[in-house]
Amino acid sequence: MTARTPLIAGNWKMNGSTESSQQLISSLCSGVSNDGDRNMLLCPPYPYLHIAAEALKNKAIMLGAQNIAMEPDSGAFTGEVSGLMLKNCGCQYVIVGHSERRALYGETDEVVSSKFIVAQAQGLQPILCVGETLEEREAGQTQNVVRRQIQKVIDSAGSTAFSSAVVAYEPVWAIGTGLTATPDQAQETHSFIRSLISEQDATIASLMQIIYGGSMKSENAKELLSMEDVDGGLVGGASLNAEEFLAIFQAA
């Protein structure tokens, strides 16, 4: 196995306040050392990016955003936030194509692919979310869905784009439901994702981080992270609890 540094990312979603964000970051910083054997990433809501960036100065924790505008430049796009703005806020990463964006806000594979390209053009590393619904899994369509979602990005951005990107496998049926893919289910799909990229470039595939997002908690993190192709986690609710999130981080 090629050595890949585990990445534990916290997606705060639409949660938090100024005070709770400061408290959470302070607690996390006290429990994370800069030893380089694993990395922590926080993705707060837009209003708290500046607070987080200030609190994370000279700390071992990285900063990311939850979404990015599809438009590459500034302009008359009310309510949108550009990649350049995110970069100016201190972000290094941005989540694109999260299942909630796809399901609730109608983001298509084309939209997600455009956001992926815009993120990289602004020097941000996209975390590309892919995954199937319960109906799709029960119909045996998991690999078809994941292939379609990734192939769109390959077609638009090229396989070399994955040398500076992270893929997050998030089975939609395991997000916020308390259900979790078994370690074997996660490994099977992560291995499949790596094989898709390997068809294009084996070196990029071997170095690319593929992280798991789907109700990762302290009690299941160690087993999930022990799988060969599971290189970290995209953690939702558990990332809002410092003790819980640090336990997942330690499991990596």
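In case you missed it, the structure is sitting above this.
Below is a short write-up of the structure. Please read all numbers here as calculations on a predicted model, not as lab measurements.

## Focus: the nonpolar core
Right, on to step 1. Ranked by size, the top nonpolar core spans 65 residues in total, and within it Ile 150 and Phe 162 carry the most contacts.
Right, on to step 2. Those residues in contact with Ile 150, other than ones at most four positions away along the chain, are Val 130, Phe 162, Val 167, Ile 193, Leu 196 and Ile 197.
Right, on to step 3. Counting 13 residues, the second largest nonpolar core, distinct from the first, contains Leu 7, Ala 9, Leu 41 and Cys 43.

## Here we look at the environment of Val 146
Right, on to step 1. Take Val 146: it is sitting in helix α7 (residues 142–157).
Right, on to step 2. When the C-alpha atoms of Val 146 and Glu 132 are compared, they prove to be 7.1 Å apart, with 14 residues separating the residues in sequence.
Right, on to step 3. Filtering out sequence-adjacent residues up to four positions away, Val 146 remains in contact with Val 130, Gly 131, Tyr 169, Thr 189, Phe 192, Ile 193 and Leu 196.

## A look at the pattern of salt bridges
Right, on to step 1. What the rule picks out here adds up to 12 salt bridges.
Right, on to step 2. Linking Glu 100 and Lys 13 is a salt bridge whose minimum nitrogen-to-oxygen distance equals 2.7 Å. Placement of the pair is Glu 100 in helix α4 (residues 99–105) and Lys 13 in the loop between β1 (7–11) and α1 (18–30), with a sequence separation of 87 residues.
Right, on to step 3. Among the salt bridges present, the one from Glu 132 reaches Arg 137, with a minimum N-O distance of 2.8 Å.
Right, on to step 4. In this structure Glu 132 comes out as buried when scored by relative accessible area, which is 0%.
Right, on to step 5. Members of the salt-bridge network, linked through shared partners, are Arg 4, Arg 194, Asp 229 and Asp 231.

## Considerations on helix α10 (residues 218–225)
Right, on to step 1. Residues of α10 that are buried include every one of Asn 220, Ala 221, Leu 224 and Leu 225, and no others. Each buried residue of α10 sits inside an arc of 125 degrees when the element is viewed along its axis, so together they form one side. Counted as exposed and oriented over 90 degrees from the buried face of α10: Glu 219, Lys 222 and Glu 223.
Right, on to step 2. Tucked inside the fold, the buried residues of α10 contact β1, α8 (183–198), β7 (210–212), β8 (232–235) and α11 (242–251).

Cut-offs used in this document
Residues numbered from 1 in each chain as written. Predicted model: local features only at pLDDT ≥ 70, side-chain atom pairs only at ≥ 80, totals over all residues. Heavy atoms only, no water. Core = buried A, V, L, I, M, F, W, Y, C linked by side-chain atoms within 4.5 Å. Buried < 20%, exposed > 50% of the residue type's maximum accessible area, 1.4 Å probe, protein only. Contact = heavy atoms within 4.5 Å. Helix = DSSP H or I, 4+ residues; strand = E, 2+ residues; numbered from the N terminus. Salt bridge = Lys/Arg side-chain N within 4 Å of Asp/Glu carboxyl O. Arc of directions from axis to C-beta.

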